[in-house]
Amino acid sequence: MHQLLLKYKSVIKLNGWIITIATIFLFMANKSARPEYLIEFWVTFSLVHLVTISWLVAAYRFPEYRKKEIVSVLVPYISGSIIWFFLFLGLWTLLAINT
């Protein structure tokens, strides 16, 4: 499986950045009164987190997934997942402070 990741690394990386940017765009589009982007947002959001969680499980189980080459391919997904985690943590903290 990791050979497949390395073979198509530029395509996987580009798709990762597109999906991560799409989640941000769809999140901002949902701030208006246009709820038709809601399903697309959650699909892209889930894809980013599904890839990250799959990599975490694979890296825990198989040491070859911890290599720098594999991690560099999955950087867009991992960074997008981290960004959303801290964004939700910050929003949750603000809501907790204001209530």
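Below, the structure is looked at part by part. (Residues numbered from 1 in each chain as written. Predicted model: local features only at pLDDT ≥ 70, side-chain atom pairs only at ≥ 80, totals over all residues. Heavy atoms only, no water.)

### Side note on the overall build of the chain
Test applied: Secondary structure elements are defined from DSSP: runs of H or I of at least 4 residues count as helices, runs of E of at least 2 residues count as strands, and each element is numbered from the N terminus. Burial classes follow relative accessibility: with a 1.4 Å probe on protein chains only, a residue under 20% of its type's maximum area counts as buried, one over 50% as exposed, and anything between as partly exposed. Contacts are assigned to residue pairs with any non-hydrogen atoms lying within 4.5 Å of each other. Residue exposure ignores everything except the shown protein chains as possible cover, and the areas themselves are Shrake-Rupley values with a 1.4 Å probe. The charge count treats Lys and Arg as positive and Asp and Glu as negative. His and the chain ends do not count. Here the site of a charge means NZ on Lys, CZ on Arg, CG on Asp, or CD on Glu.
The helix and strand inventory of the chain stands at five helices and zero strands. Shown N-terminal to C-terminal, the secondary structure of the chain runs as helices and strands in the order α-α-α-α-α. Its C-alpha atoms give the chain principal-axis dimensions of about 45 × 30 × 15 Å. Going through the 99 residues of the chain one by one, you find that 28% of them count as buried. Relative to all contacts within the chain whose residues are 6 or more apart in sequence, the contacts with residues 24 or more apart total 64%. As displayed, the chain has an accessible area near 7,200 Å², and 75% of this comes from carbon and sulfur atoms. Looking at the chain, you have 9 positive and 4 negative side-chain charges, and the mean spots of the two groups are 9 Å apart.

### A look at the packing of aromatic side chains
How we decide: The rule is short: rings of Phe, Tyr and Trp, with Trp giving its six-membered ring, pair when the centres are within 6.5 Å, and they are stacked under 30 degrees, edge-to-face over 60, tilted in between.
In the structure shown here, the tally under the stated rule is eleven aromatic pairs. Plain terms: the ring middles of Phe27 and Phe41 are 5.9 Å apart, the flat faces sit at 45° to each other, and that makes the pair tilted. With a gap of 14 residues between them, Phe27 in helix H2 (residues 9-29) and Phe41 in helix H3 (residues 38-61) connect regions that are remote in the sequence. By relative accessible area, Phe27 is classed as partly exposed at 27%. Aromatic pair Phe41 and Trp84: ring centres 5.7 Å apart, planes at 70°, arrangement edge-to-face. Here Trp84 lies in helix H5 (residues 75-98) and Phe41 lies in helix H3, a separation of 43 residues in the sequence. Per residue, the accessibility class of Phe41 equals that of Trp84, and both read buried. Among the aromatic side chains, those forming a connected cluster through ring pairs are Phe27, Phe41, Trp42, Phe45, Trp84 and Phe88.

### Quick word on the nonpolar core
What counts here: Joining through side-chain atoms within 4.5 Å is the link that ties buried Ala, Val, Leu, Ile, Met, Phe, Trp, Tyr and Cys residues into a set, and such a set is a nonpolar core.
Among the nonpolar cores identified, the biggest contains 13 residues, and Leu5, Ile12, Trp55, Tyr65, Ile70, Leu74 and Tyr77 are the most heavily contacted of them. Elements with a minimum of two residues in this core: H2, H3, helix H4 (68-73) and H5. Element by element, the count of residues in this core is highest for H3, at four residues. Those residues in contact with Trp55 that sit more than four places away from it in its chain are Tyr65, Ile70, Val71, Leu74 and Ile78.

### Examining the side chain of Thr52
One can find Thr52 in helix H3. Overall, the relative accessible area of 8% leaves Thr52 in the buried class. The residues touching Thr52, leaving out its near neighbours within four places in the chain, are Tyr77, Ile78 and Ser81.

Read these as geometric descriptors, not functional statements.
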